[in-house]
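Here's the letter readout for the chains.
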Amino acid sequence: MALRNAVLRHLRVPVQNLAVRGSNQSQIGFLGSIRAFSSHDDHLSKQDVVDRVLDVVKSFPKVDPAKVTPDVHFQKDLGLDSLDTVEIVMAIEEEFKLEIPDKEADKIDSCSLAIEYVFNHPMSS
Amino acid sequence: MSGVSTAAYFARRAAQKERVRILYRRALKDTLNWAVHRHIFYRDASDLREKFNANQDVEDVDRIDKLIGHGEAEYNKWRHPDPYIVPWAPGGSKFCRNPTPPAGIEIVYNYGQEDNP
């Protein structure tokens, strides 16, 4: 019994502070105001949104990644088809777990509109 | 009739283009519903895109209307009975699950003291 306790004491891992995700900028004030892995505090920062949207657009096979900036127009600057814009909007929906209604999705024509829409949507994650 | 470019013609073409885009969007989502695994989905999505591209140079407005009608009939035939909808969107499982209570309703914390207010 004493041997078991001695072994356990030897193996006990010291308690560490939980590392909170870096993107969560609010302070660790009253314990419990932030929960890691909760889906409710999932507010994206604008830079995050921009990075992810640009990644989605760059990984589209018909797009030249060097030309992609946060304010490209899909049809005018990148030379894409209207069906290609539909595909890009669907890829953005999948990336941010959103559901964009058909009429809204039709209006998204450029990177800046997409970034704005995703950033202002309350449920994007 | 003879392809004269009036405002009405352009308005009609624009409406048709919008119908085509919305149809393509719904058909693509439907394809994803049926073909869950991505490698199958990519194959089916390219087939769908080929079908749309084959008709993209048609100029006759009535023929375009007919083609769109055919496309929508095909789409209605192939609609998935249990599509994936994001949970918080209308039709999803979390939609209206926890609505915010109306303003003015609050909880009175007087458990055990209801008899003597």
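Residues numbered from 1 in each chain as written. Chains lettered and ligands numbered in written order. Predicted model: local features only at pLDDT ≥ 70, side-chain atom pairs only at ≥ 80, totals over all residues. Heavy atoms only, no water.

- For chain B, the name recorded in an unreviewed UniProt entry is NADH dehydrogenase [ubiquinone] 1 beta subcomplex subunit 9, with Brassica napus as its organism.
- The UniProt entry for chain B carries the following comment under Subcellular location (unreviewed entry): "Mitochondrion inner membrane".
- Quoted verbatim from the Sequence similarities (unreviewed entry) field of UniProt, the annotation for chain B is "Belongs to the complex I LYR family." (UniProt positions renumbered as here; feature names shortened; annotations may be inferred.)

- Going by the annotation in an unreviewed UniProt entry, the name recorded for chain A is Acyl carrier protein, with Brassica oleracea given as the source organism.
- UniProt annotates chain A under Sequence similarities (unreviewed entry) with the comment "Belongs to the acyl carrier protein (ACP) family."

1. Focus on the pattern of salt bridges
- Counted under the stated rule, the structure contains 18 salt bridges over all chains.
- Of the charged contacts, one joins Arg49(B) and Asp81(A) as a salt bridge, the two residues approaching to 3.3 Å between their closest N and O atoms. Of the two residues, Arg49(B) is situated in helix H2 (residues 38-54) and Asp81(A) in the loop between helix H2 (46-58) and helix H3 (82-96); the pairing between them involves two chains.
- With relative accessibility at 29%, the residue Asp81(A) sits in the partly exposed group.
- The shortest N-O distance in the salt bridge between Arg38(B) and Glu94(A) comes to 3.0 Å. Here the residue Arg38(B) occupies a position in helix H2, and Glu94(A) occupies one in helix H3, the pair thus bridging two chains.
- What makes Glu94(A) partly exposed here is its relative accessible area of 36%.
- Connected through shared salt-bridge partners, Glu93(A), Glu99(A), Asp102(A), Arg25(B), Arg26(B) and Lys29(B) make up one network. (Salt bridge = Lys/Arg side-chain N within 4 Å of Asp/Glu carboxyl O. Helix = DSSP H or I, 4+ residues; strand = E, 2+ residues; numbered from the N terminus. Buried < 20%, exposed > 50% of the residue type's maximum accessible area, 1.4 Å probe, protein only.)

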